[in-house]
Amino acid sequence: DAEAPWRCDRCLGAAAQEIVATVLDGRIVVAGGIERGVVPTVRVYDPAADVWGELPELPEPRHHVQLVAFAGDLYALGGMRDLGFDALRTAWVLRAGADAWTPIAALPRARAAGFAGVVEGRIVLVGGHGAGRADTDKLEAGRPALLYDPAEDAWSEGALMPTPREHCAGFVHEGELWVLGGRPLTLEPTFDTVEIYDPAEDRWRAGPAMASGHGGFAAAAAGGRAWAVGGEERARALDLVEELDLESETWRSHA
């Protein structure tokens, strides 16, 4: 029910920021982030039991890493190692049932604070920022879509995202990857733009703009609807929630 109130489930167990989350076999996985320092911790939440546990740690501490689940495995892509905020090319996989992460082919470009999803058997990483000497260079480095074929352990590059952005969010719907909001390499302005990538055609198209800009936020889709939740601005964290009807491609805001 879209009008049902929020509820509070069991807390994460640590005060953390710049984390990343994905869903694996009906459980929520949260990786890395900044606590008192950058951590390699991987936590997993079972909503049915309202219980947190832990998975094997990342090989190195990471924040702003891109995390995605595919075919029962977890992939940690890029991110940053320390508070120098330099994007990395490293990539690891945690196979189902394994007790340690293993390296996979490095990203063709360093990437952090982007969004990754699975479309038609490939992992697609979009947005974020890469290496560069100036902020503009870093954003431009984050524009190409990066596509990973797990069967071949190989990356390729796709079309440039029209709007350079990082701290964006997204979801996958009907064979396309939707990228929402984000911002440049500052806390403001935040974007309301939505852009949609079709990996089969290697083509971007414009989507329906959100009512408000969001950066550093979360998004998800289920049952024909999608949500953009929270975010931040320079002076405040946001409690904004927007809901998208994916059939009509129209947004509405929730208080």
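**Considerations on the overall build of the chain**
So, step 1. Of regular secondary structure, the chain possesses one helix and 20 strands.
So, step 2. Dimensions of the chain, computed from the C-alpha atoms along their principal axes, are close to 45 × 40 × 35 Å.
So, step 3. Relative to its full complement of 255 residues, the chain shows a buried share of 47%.
So, step 4. Within the chain, counting contacts between residues at least 6 apart in sequence, those at least 24 apart form 43% of the total.
So, step 5. Accessible surface, the chain as shown: approximately 12100 Å² in total, 50% of it carbon and sulfur.

**Here's the deal with the packing of aromatic side chains**
So, step 1. Counted according to the given criterion, the structure contains five aromatic pairs.
So, step 2. Relative to Trp-204, the ring of Tyr-197 lies with its centre 5.0 Å away and its plane at 35 degrees, an arrangement referred to as tilted. The same class applies to Tyr-197 and to Trp-204, which are both buried.
So, step 3. Taken together, the aromatic side chains of Tyr-75, Tyr-148 and Trp-155 make up a single cluster linked through ring pairs.

**Describing the pairing of strand S19 (residues 241–245)**
So, step 1. Of all five residues in S19, four are buried; the element is thus mostly enclosed.
So, step 2. Sheet topology places strand S18 (residues 225–229) next to S19; five bridges connect them, and they run antiparallel. Its bridge partner lying in S19, Ala-226 is registered against Leu-244.
So, step 3. Bridge count between S19 and strand S20 (residues 250–254): five bridges; the pairing is antiparallel. Residue pairing for S20: Val-241 is matched across the bridge by His-254.
So, step 4. Remark: four residues form the turn of the hairpin made by S19 and S20, two consecutive strands paired antiparallel; Glu-249 in that turn has positive phi of roughly 55 degrees.

**What to know about the side chain of His-214**
So, step 1. By secondary structure assignment, the location of His-214 is in the loop between strand S16 (203–206) and strand S17 (218–222).
So, step 2. Its relative accessible area of 0% is what places His-214 among the buried residues.
So, step 3. In this structure the side chain of His-214 is engaged in a polar contact, spanning 2.8 Å, whose partner is the backbone oxygen of Gly-230.
So, step 4. In contact with His-214, not counting residues within four places along its chain, are Gly-181, Gly-182, Thr-190, Phe-191, Ala-228, Gly-230, Leu-240 and Glu-242.

**Quick notes on the nonpolar core**
So, step 1. Core analysis: the largest hydrophobic core is formed by 15 residues, its most contacted members being Val-29, Val-42, Leu-58, Leu-67, Leu-74, Ala-76 and Trp-101.
So, step 2. At the level of elements, strand S1 (20–24), strand S2 (27–31), strand S3 (42–46), strand S5 (66–70), strand S6 (73–77) and strand S7 (91–94) are the ones that each hand at least two residues to this core.
So, step 3. Those residues in contact with Leu-58, other than ones at most four positions away along the chain, are Gly-32, Pro-40, Val-42, Ala-76, Trp-92 and Trp-101.

**A look at the sheet that holds strand S4 (residues 51–55)**
So, step 1. Here four strands make up an open sheet; going across it, the order is S1-S2-S3-S4 and the pairing antiparallel. For this open sheet the edge positions go to S1 and S4, each flanked by a neighbour on one side alone. Mean inter-strand twist for the sheet, computed between neighbouring axes without regard to direction, equals 25 degrees.
So, step 2. Bridge count for S3 against S4 is five bridges, and the pairing is antiparallel. By the bridge assignment for S4, Val-44 is matched with Gly-53.

**Focus on the pattern of salt bridges**
So, step 1. Taken as a whole, this structure holds 16 salt bridges when the rule is applied.
So, step 2. A salt bridge links Glu-188 to Arg-234, with the shortest nitrogen-to-oxygen separation between them at 3.9 Å. Here the residue Glu-188 occupies a position in the loop between strand S14 (176–180) and strand S15 (194–198), and Arg-234 occupies one in the loop between S18 and S19, the gap between them amounting to 46 residues.
So, step 3. Here the residues in one salt-bridge network are Glu-60, Arg-62 and Arg-81, joined through shared partners.

**Description of unusual backbone geometry**
So, step 1. For the bond from Glu-188 to Pro-189, the omega torsion is 0 degrees, close enough to zero to count as cis.
So, step 2. Along the chain, the position of Pro-189 falls in the loop between S14 and S15.
So, step 3. At Ala-113, a residue that is not glycine, the phi angle is positive and equals roughly 60 degrees.
So, step 4. With respect to the helices and strands, the residue Ala-113 is situated in the loop between strand S8 (102–103) and strand S9 (115–119).

Basis of the calculations
- Residues numbered from 1 in each chain as written.
- Predicted model: local features only at pLDDT ≥ 70, side-chain atom pairs only at ≥ 80, totals over all residues.
- Heavy atoms only, no water.
- Helix = DSSP H or I, 4+ residues; strand = E, 2+ residues; numbered from the N terminus.
- Buried < 20%, exposed > 50% of the residue type's maximum accessible area, 1.4 Å probe, protein only.
- Contact = heavy atoms within 4.5 Å.
- Areas by Shrake-Rupley, 256 points an atom, 1.4 Å probe, with all protein chains shown as cover.
- Phe/Tyr/Trp six-rings, centres within 6.5 Å; stacked < 30°, edge-to-face > 60°.
- Pairing = 2+ DSSP bridges.
- Polar contact = N/O pair within 3.5 Å; in protein donor to acceptor, adjacent residues only side chain to side chain.
- Core = buried A, V, L, I, M, F, W, Y, C linked by side-chain atoms within 4.5 Å.
- Axes fitted to C-alpha atoms, helices over the stretch in contact; angles between N-to-C directions.
- Salt bridge = Lys/Arg side-chain N within 4 Å of Asp/Glu carboxyl O.

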